[in-house]
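Working through the structure, step by step
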Amino acid sequence: MHAAVIPAADAPPVYRDHPDPAERHRDELLVEVLAAGLHHLTKAKANGSHYSSNGTYPLIPGVDGVVRDQEGNVRYVALDDTTLGTFAERTLIDPRRSVILPDGIDPVRIAAAMNPAMSSWVALRRRVDFHAGQRVLVLGATGNAGRMAVQIAKLLGADQVIAAARDTTRLKALTALGADETITFDQIGHAADVDVVIDYVWGEPAAGAMIPMFTARADRTAPLTWIQIGSIVGPTAPIPSAALRSARLQIVGSGIGSVPARDFLAELPELASAVTAGAIDVRARAVPLAQVAQAWTAETDDRIVLVP
């Protein structure tokens, strides 16, 4: 078969022949890969910078995808710690980490959407006590996951969603996706009275937003939950001590480890249904797996999906 292979942490993927996978355990299924998204998580795990990376090379990247099993079922699958990912014509999966998809789905659309959409969907459904009528601020709202977070917060019942980012041009487009207000980081006081922050930014901007937000809150004793999901700006944030004392702030993370795998899996069918129904706007661009080297470093607003 053909696959994308990364020989070392600092090396790009190479499209080449690779031995067919051999089933090693009774609970493994050999499947045909239909589509696999090129996500930030995929790159981070591949180069060893993600906390869940195992540092084993060579490896075939790909953390999830849409596959067809030998009985003809089309599944969305999320892979665990493995060197045999979804950037290949065939791979091995644990069926317990997959969900069977309905007939007529678009594999490229599902592969593009599930990973970025899952981050905010699972955070609001499983990591915090979120309920309809609450107000949500999305930091880093113009990224792929951030755009979906705006839509998902509304879909799950948020009364008000404020989208925050640096790029004012891209921010304007979020109004059509459900954002009630769009702001830049220097206008963060406008979002002072939200109940939940979904943070894809972290670093200095997140830390710098806290005191202005808390100072402007009408009631500092009202609960505020800050969900840390991504770290586009930086892996650490210099949070001022006053931020932890001056407001009723709770900081939590949402991701691999902080949410049990069974909870992620339990949310997948409903999320897949929302994507299939068109409730979440998806920007997907299919690219042949043979072009993986070019796709790996491409700069695009679309989610690249590799198709064997």
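Everything here concerns the structure above.
This report concerns the structure included in the present document. Being a predicted model, the structure only gives us computed values, none of them experimental.

So, about the nonpolar core. Ranked by size, the top nonpolar core spans 57 residues in total, and within it Leu101 and Leu124 carry the most contacts. Among the elements of the structure, strand 3 (29-37), strand 5 (74-78), helix 2 (107-127), strand 8 (135-139), helix 3 (144-155), strand 9 (160-164), strand 11 (196-199) and helix 7 (261-276) are those that each provide at least two residues to this core. Leu124 has contacts with Phe130, Ala153, Leu156, Val196, Ile198 and Ile227, leaving out every residue within four places of it along the chain.

This brings us to the environment of Ala112. If you trace the backbone, Ala112 turns up in helix 2. Taking the C-alpha atoms as reference points, Ala112 and Arg285, separated by 173 residues in sequence, lie 8.2 Å from one another. Setting aside residues up to four positions removed in sequence, Ala112 forms contacts with His39, Val282, Ala284, Arg303 and Val305.

Moving on: the packing of helix 2 against helix 3. Helix 3 packs onto helix 2 with a crossing angle of 45° between their chain directions and a minimal axis gap of 8 Å. If you check the angle between helix 2 and helix 3, you find them oblique. By crossing handedness, the relation of helix 2 to helix 3 is classed as right-handed. Facing helix 2, whose interface residues are Ala113, Pro116, Ala117, Ser119, Ser120, Trp121 and Leu124, helix 3 presents Asn144, Ala145, Met148, Ala149, Ile152, Ala153 and Leu155. Here the contact of helix 2 with helix 3 is composed, by residue class, of 11 nonpolar, three polar and no charged.

The subject of this paragraph is the sheet that holds strand 11. Judged by pairing direction, the sheet is parallel, and its six strands sit side by side in the order 10-9-8-11-12-13 without closing on themselves. Unpaired on one side and paired on the other, strand 10 (181-183) and strand 13 (249-253) mark the two borders of the sheet. Averaged over neighbouring strand pairs, the angle between their axes works out to 20° when direction is ignored. Packed onto the sheet, helix 2 meets strand 11, strand 12 (224-228) and strand 13 and runs at close to 145° relative to strand 11. Across the face of the sheet, helix 3 comes into contact with strand 8, strand 9 and strand 11 while running at roughly 170° to strand 9.

Thresholds, definitions, all that
Residues numbered from 1 in each chain as written. Predicted model: local features only at pLDDT ≥ 70, side-chain atom pairs only at ≥ 80, totals over all residues. Heavy atoms only, no water. Core = buried A, V, L, I, M, F, W, Y, C linked by side-chain atoms within 4.5 Å. Buried < 20%, exposed > 50% of the residue type's maximum accessible area, 1.4 Å probe, protein only. Helix = DSSP H or I, 4+ residues; strand = E, 2+ residues; numbered from the N terminus. Contact = heavy atoms within 4.5 Å. Axes fitted to C-alpha atoms, helices over the stretch in contact; angles between N-to-C directions. Parallel < 35°, antiparallel > 145°, perpendicular 65-115°, else oblique. Left-handed = near helix turned anticlockwise from the far one by under 90°. Nonpolar A, V, L, I, M, F, W, Y, C, P; charged D, E, K, R; others polar. Pairing = 2+ DSSP bridges.

Purely geometric stuff here, so don't read any function into it on its own.
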